[in-house]
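# Notes for the structure review
Here are the chains, one letter per residue:
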Amino acid sequence: MTEGNNVTESDKKDPTAGDVPVEPVSAEEKTEEEEKNGECKMNLAEKASPPAAEEVEFVHPEGGWGWVVMLASMWCNGSVFGIQNSFGLLFVSLLKEFGSEDDPDLRFRTSWVGSLSMGMIFFCSPIVSIFTDMFGCRITAVGGAAVGLVGLLASSFVKSLGVMYFTYGIVFACGCSFAYQPSLVILGHYFKKRLGLVNGIVTAGSGIFTVTLPFVLSELLEKVGLQNTLRVFCILMFGLILAGFTYKPLLPSKPAETQTGFRLSQIFNMNIWKSVGYRIWAFGIPAALYGYYVPYVHLMNHVQERFGTDANKEILLLCIGITSCLGRFIFGSVADFVKGSNKVFLQVLSFLIIGVMSMMIPLCHIFGGLIAVCLLMGLFDGCFICIMAPIAFELVGAKDVSQAIGFLLGLMSVPMVAGPPIAGFLRDKLGSYDLAFYLAGIPPIIGGAVLCLIPWVEARNRRKQKKEGLSKEQDVSQKMIEMEKAPEDAKKKIGDSVL
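## What to know about the overall build of the protein chain
Each helix and strand in the protein chain was counted, giving 23 helices and 0 strands. The buried share among the 499 residues of the protein chain stands at 50%. Considering only contacts in the protein chain between residues 6 or more positions apart, those separated by 24 or more positions represent 87%. On the protein chain, roughly 23800 Å² of surface is accessible, and the fraction owed to carbon and sulfur atoms is 65%.

## A closer look at the packing of aromatic side chains
By the definition in use, this model includes 18 aromatic pairs. When the centroid spacing of 5.3 Å and the interplanar angle of 65° are considered together, the rings of W273 and Y278 count as edge-to-face. Ring geometry for F331 against F380: centres 5.8 Å apart, planes inclined by 40°, an arrangement best described as tilted. Linking F331 in helix α16 (residues 314–337) with F380 in helix α18 (residues 367–386), this pair joins segments that are 49 residues apart in sequence. Taking relative accessible area as the criterion, F380 reaches 11% and is therefore assigned buried. Taken together, the ring pairs in this structure connect W273, Y278, W281, F283 and F407 into an aromatic cluster. Looking at R231, its charged tip hangs above the ring of F157, at a distance of 4.4 Å from the centre.

## As for the side chain of N77
Along the chain, N77 falls in helix α3 (residues 65–85). On the basis of relative accessible area, N77 is assigned to the buried category, the value being 1%. Among residues more than four places away in sequence, those in contact with N77 are G82, Y180, S183, V202, T203, G205 and S206.

Analysis parameters
Counting from 1, residues in each chain are numbered in the order their sequence is written. The predicted nature of this model means local features are confined to residues of pLDDT at least 70 and side-chain atom pairs, given and counted, to a pLDDT of 80 or more, with totals for whole chains, interfaces and linings taken over all residues. Values reported for side chains reflect all heavy atoms of the structure, with hydrogen atoms and water molecules removed beforehand. The helix and strand labels rest on DSSP assignments: H or I over at least four residues marks a helix, E over at least two residues marks a strand, and numbering proceeds from the N terminus. Here's how the labels work: a residue is buried when its accessible area is under 20% of the maximum for its type, exposed when over 50%, partly exposed in between, all with a 1.4 Å probe on protein chains only. Contacts are assigned to residue pairs that have any heavy atoms within 4.5 Å of one another. All accessible areas in this document rest on Shrake-Rupley with a 1.4 Å probe, and a residue is counted as covered only by the protein chains that are shown. For Phe, Tyr and Trp, rings pair up if their centres lie within 6.5 Å, where Trp contributes its six-membered ring, and each pair is then called stacked (planes under 30 degrees apart), edge-to-face (over 60) or tilted (otherwise). Geometrically, a charge over a ring is one whose NZ (Lys) or CZ (Arg) sits within 6 Å of the ring centre while staying within 35 degrees of the ring normal.

Geometric descriptors of this kind do not, in isolation, establish any biological role.
Given below as structure tokens:
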């Protein structure tokens, strides 16, 4: 007699009283048993596989209507930040329009218009991200552009600096914020492999507008005045409304219950804060930006004080705009070939260069040196801007990127608002901008050093996840082996009972 259910002929014909008769297992029963074992294996494999594997992966078109969306987003970036980056020229006009040289806090109070405007664009971003998730990119962008148009038009009728804080610094800036952020999110619906290049092209829009607007702005301010210049700029905002209508979403929408259930956990996406790399990134970048916007607000006035009113100060904005545009093309393409969190090192490099160049501005006693500083500053400004969205996509994923970008921009609002007024206060008290520019170069260097932690943290997380994945695979394999042994052990027990 052998092991298992095999029984000799004598046992079949004349079983003893103490024996338990056992019938041989038929082929059909074996097949059913094997199918059951197979189902157990399949259930274990299904439990081991991640839920994402069950979903159909979305394929990005990498073009098509996406090129139209890219051009619309490019117009958005150009209109919003072209006006903001040219505020240095508006700053000089505001000094003449609403103040006098006898006012000891004139520059401090006037600089609040520009810094408040730039800060509100970023401060509103967390709210914009929630609106984008709830209503979509198209409705959010069109509505925001319409509010921005109203704010800019109202600013053209203002006769006091206090009201300008509200119309230009809050209403116009909030509208720009609602129009700007969807232009970054919608690109992830159409591009994945080319996302770095496309972001470079889109963000280059602000560089192109920064190149052209200073000359147009100077002519308009000289010939038609500040109020009529702001009314002409309303044309750009009307074009922004039309651009928002092109933002056709493609990514699969969320389940119906998440769209109708407005629970707090669904409105405020806390998943983004589970990433340690994102937390470092979200606090490191704002730390670097306390001096970032100072040159855009005060450089024109600094040049006028040091080199005279006849100095061609617009050429400096031209240099920043050209090299910023060039940097976005170059580093946007480079980012497509740099995998993972190593993109952060490009931002670290850009912050270090921007910080050093800010400190070099007071040391330039010839106009040519100032041009060289602006060329380098613009090049790495383009690097910093164009890879923000690709880094956000990689740190938190495409589903959470809207609020990831929104909260980051919201945290950026504090240094954007605080930097220029502090610089204006130092100028009013000390009589020059030298110390203000020296101090403006320190935060980018500190922030860049903080960002160096992200690649190390992300690499550690990948190693940890790899170990956890291997241990899970081993557990599943062990369970499958135990399930395979169970029927064999049962057969052995049945055979022993027959003996």
